[in-house]
Amino acid sequence: MEDFKYLIPEESIDAIITNVEKLREIENHLREIFSHHGYNEVLMPSFEYVDLYTKLDSGFEPDKMFQYINHEGKNVAMRLDFTIPLARLYANSHLDEEARYSYFGKVYRKEIMHKGRSSEFFQGGVELMNKPGLAGDKEIMMMIQKSLPYLSLKNIVIEIGSAKFYNRLLELVGSHKDELTTIMKYRNISSMKKFVSQYPFDDKLKVLLMQLPTCFGDITLLKKIIAQLSDPVLLEALYELKDLYDSLDNQEGMIFDLGMVPAMKYYTGLMIKGYSDQSANAIISGGRYDKLLPRFHVDAGAIGFCFHMNHILKAIEKEGENND
């Protein structure tokens, strides 16, 4: 026992937050913004049945979960995310109208050991239920933009992509979709060259695939890719991004990333990532998930995002060190 009193489990080493005052300051600003726009804060359970995540084919693997067997003999896991439990909450409320939820708390996911990665993450975010299409996407983007000044970071870039666009690409490459996803996760240009050369894809598709690893930029890039395409689904997805961009009053600091790989299987449309130049990890993530609520027998779409508070606080510390 004596050996352990100075030790911290590796899973928690990176989860220690010493600057709690700054955390609460940011959290309180976000609460005010969320509440002002009609988002009701909810406190969700810390434990969920493993089946909630695995039977929805959400993309969460059992080996990512901290599990135990409860008194009923059922597998229970520490909360992996807020989106799925909040989708269940909406479904069980028997609403057929818009609903807005906000939350603050921790999620727990097993990470590869000895990589300096924590397994507990503090998040704050919102979920917007049953507001489809451009109207819902625009509301979420405006919420993010209104929140950015309160994160205490100077340089934040918002990247947007499309799960509809990416999932259509997977359909077009057929049985080679897993190979494409691996290439895109690492943005491997040489592997993409080999991938394109060894399979008999359509010439237009080959041209598009070769651009994907470096396919991020401003509205000029988006218009350029749109002009190249003829596939109706790919075009629809990119026009949705363009319509969203055109609808925003503030377009500063926005980048299109057309090679963005969906982080969650339930994403169906707009995907969002936010980065600080002081953090290698995303400080914001989110997206539209119109096929999740139907799995709870509710015919409605939804969209949400979260702030990764651990990464934000680390970026603030690093920015402060650089300014000393």
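Residues numbered from 1 in each chain as written. Predicted model: local features only at pLDDT ≥ 70, side-chain atom pairs only at ≥ 80, totals over all residues. Heavy atoms only, no water.

Asker: Explain empty space enclosed by the protein here, please?
Answerer: A water-sized probe rolled over the atoms picks out the places where empty space is left. If you walk through the whole model with that rule in mind, you get one cavity of 30 Å³ or more. There is about 40 Å³ of room inside the largest cavity. As for the largest cavity, its lining consists of D137, A237, E240, L241, L244, G269 and L270. (1 Å grid on protein atoms, 1.4 Å probe; cavity = no way out; pocket = protein on both sides within 12 Å on 5 of 7 lines; lining within 4 Å. Points joined across faces, edges and corners; volume = space filled by probe spheres on them.)

Asker: Honestly, the layout of surface pockets in this entry has me stumped. Any pointers?
Answerer: Here the second largest pocket is characterised by a volume of approximately 240 Å³. Lining the second largest pocket, in full, are Q145, L148, P149, L153, K154, N155, I156, I158, N250, E252, G253 and M254. Taken together, the residues that form the lining of the second largest pocket break down as six nonpolar, four polar and two charged. (Nonpolar A, V, L, I, M, F, W, Y, C, P; charged D, E, K, R; others polar.)

Asker: Even after reading the chapter, I still don't get the sheet that holds strand 3 (residues 67–69), so can you show me in this structure?
Answerer: Strands pair in a sheet through their backbones, by hydrogen bonds, and they do so in one of two ways: parallel or antiparallel. The antiparallel open sheet is built from three strands, whose spatial order is 2-4-3. In this open sheet, the two strands that pair with only one neighbour each are strand 2 (47–49) and strand 3. Here the strands of the sheet are splayed against their neighbours by 35° on average, with no regard to which way each runs. Pairing of strand 2 with strand 4 (residues 75–78), which is carried by three bridges, proceeds in the antiparallel orientation. Directly across from E48, in strand 4, lies its bridge partner A77. (Pairing = 2+ DSSP bridges. Helix = DSSP H or I, 4+ residues; strand = E, 2+ residues; numbered from the N terminus. Axes fitted to C-alpha atoms, helices over the stretch in contact; angles between N-to-C directions.)

Asker: What is the right way to look at the packing of helix 9 (residues 219–228) against helix 10 (residues 232–247) in this model?
Answerer: A pair of packed helices can be characterised by two numbers: the angle between their axes and the separation between those axes. Following both chains from N to C, one finds helix 9 and helix 10 inclined at 155°, their axes separated by 10 Å at the closest point. With respect to helix 10, the element helix 9 is oriented roughly antiparallel. Relative to helix 10, the crossing made by helix 9 is left-handed. Contacts from I219, L222, K223, I225 and I226 of helix 9 reach helix 10 at L235, L238, Y239, L241, K242 and Y245. Taken together, the residues of the contact of helix 9 with helix 10 sort by class into nine nonpolar, no polar and two charged. (Parallel < 35°, antiparallel > 145°, perpendicular 65-115°, else oblique. Left-handed = near helix turned anticlockwise from the far one by under 90°. Contact = heavy atoms within 4.5 Å.)

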